[in-house]
Amino acid sequence: QARAASKKTYIIGTDQTFEPFEIQDKKGTYNGKKPGIDIEILREIAKHEGFKYELKIMSFNADVQALQSGQIDGVIAGMSVTEERKKTIDFSDSYYNDGVVLAVAKDSKIKGLKDLKGKTVNVKTGTTGSLFAESIRKKYGFKLKYYSSSNTSWADVKAGNADAAIDDGPALRYGIANGTGLKIVGKQMSNTPLAFGVKKGHNKELLAMFNHGLRWLKKTGRLQKIVNKYTGKKA
Ligand code: GLN
């Protein structure tokens, strides 16, 4: 163990359903058999390292803001490590490779960014997908529509209320395999690994325990097993 078991109950922020990382059950909790990769990672690490935590389910944007203002102790929410976030967040080692992709309705004629002129692209507020979309919006001439949850953003594309979505590849791929009715066009457009985070300079013991537990999860093949349960693929 990294250190003696902590008596503190850490408040950990996480996203609303963001498959395969967070999957809320019918009651809106993460207590089911398939709560998602993040939830299982945190559960196993906490057990192994001997710390207690409480999950706080919020929109991703609210998670990041609550962490930065010190209202919560940590965030695990399919959160990408970026240079900008490193100014306010200390990240753990990464547990998954991620990046953003463009997705459209299955029957859409859009084949890539070049076909987005005058179109509407859905993004989730505060995510790397939204930041990436904002950075190329002028060049490709599309409009942006903001959502607080990925599921509603994608559903709106399927329903024809928007033309495309830019979001995390692993999440979109999982969703597509499970019937969102979308397809990914083009290649992954960024590379931003996922990690657990604490407010910069705070909760050092929590971060150390997380990293210690994560190394154990990696070494023993448990991380791979969790990932396989959801994706059937390598992490
Ligand atoms: N990986 C993306 C980010 O960190 C999206 C996270 C999410 O939507 N939960 O911005």
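All values derive from a computational prediction rather than experimental measurement.

Caption draft 1: Expanded view of the pairing of strand β10 (residues 194-199). For β10, a buried count of five out of six residues is recorded, marking the element as mostly surrounded by other parts of the structure. Of the pairings in the sheet, the one linking strand β4 (residues 89-96) to β10 comprises five bridges and is antiparallel in character. Along β10, the bridge assignment pairs Ser94 with Ala195.

Caption draft 2: Quick look at the nonpolar core. With 38 residues, the main nonpolar core has Ile37, Ile41, Phe51, Ile76, Tyr95, Phe196 and Phe210 as its most contacted residues. For this core, the leading source of residues is helix α6 (residues 204-219), giving seven residues. Once residues within four sequence positions are removed from consideration, Phe196 is found in contact with Ile12, Gly74, Val75, Ile76, Met79, Asp90, Phe91, Ser92, Tyr95, Leu206, Leu207 and Phe210. With 16 residues, the next largest nonpolar core counts Val100, Leu102, Ile136 and Tyr140 among its residues.

Caption draft 3: The arrangement of the sheet that holds strand β8 (residues 164-168) in detail. Spatially, the five strands line up as an open sheet ordered β7-β6-β8-β5-β9, and their pairing is mixed. The open sheet has two edge strands with one neighbour each: β7 (143-147) and β9 (182-185). Taken over all neighbouring pairs, the strand axes of this sheet differ in orientation by 35° on average, direction set aside. By the bridge criterion, two bridges tie strand β6 (residues 120-124) to β8 in an arrangement that is parallel. Within the sheet, the bridge partner assigned to Asn122 lies in β8 and is Ala165.

Caption draft 4: How the structure looks around unusual backbone geometry. Between Glu19 and Pro20 the backbone carries a cis peptide bond, its omega angle lying at 0°. Mapping Pro20 onto the fold places it in the loop between β1 (9-14) and α1 (37-49). Not every positive phi belongs to a glycine, and Asn203 is a case in point at roughly 50°. By secondary structure assignment, the location of Asn203 is in the loop between β10 and α6. The class of Asn203 is buried, set by a relative accessible area of 15%.

Caption draft 5: Looking closely at the domain arrangement of the protein. By domain assignment, the protein separates into domain 1 (9-97 + 193-231) and domain 2 (100-185). The gap between the C-alpha centroids of domain 1 and domain 2 is 25 Å. Taken together, the 20 residues of domain 1 in the interface contact 15 residues of domain 2. Three residues, Phe18, Glu19 and Asn61, lead the burial of domain 1 against domain 2; their summed loss comes to 36% of the area buried on that side. Between the two partners, domain 1 and domain 2, sit one salt bridge. Between Asp15 and Lys124 there is a salt bridge, and its shortest N-O distance comes to 2.7 Å. Residue composition of the side of domain 1 that touches domain 2, by class: eight nonpolar, eight polar and four charged.

The rules behind the values
- Residues numbered from 1 in each chain as written.
- Predicted model: local features only at pLDDT ≥ 70, side-chain atom pairs only at ≥ 80, totals over all residues.
- Heavy atoms only, no water.
- Buried < 20%, exposed > 50% of the residue type's maximum accessible area, 1.4 Å probe, protein only.
- Helix = DSSP H or I, 4+ residues; strand = E, 2+ residues; numbered from the N terminus.
- Pairing = 2+ DSSP bridges.
- Core = buried A, V, L, I, M, F, W, Y, C linked by side-chain atoms within 4.5 Å.
- Contact = heavy atoms within 4.5 Å.
- Axes fitted to C-alpha atoms, helices over the stretch in contact; angles between N-to-C directions.
- Domains from an automatic or database assignment.
- Buried area = accessible area lost by both parts, 1.4 Å probe.
- Salt bridge = Lys/Arg side-chain N within 4 Å of Asp/Glu carboxyl O.
- Nonpolar A, V, L, I, M, F, W, Y, C, P; charged D, E, K, R; others polar.

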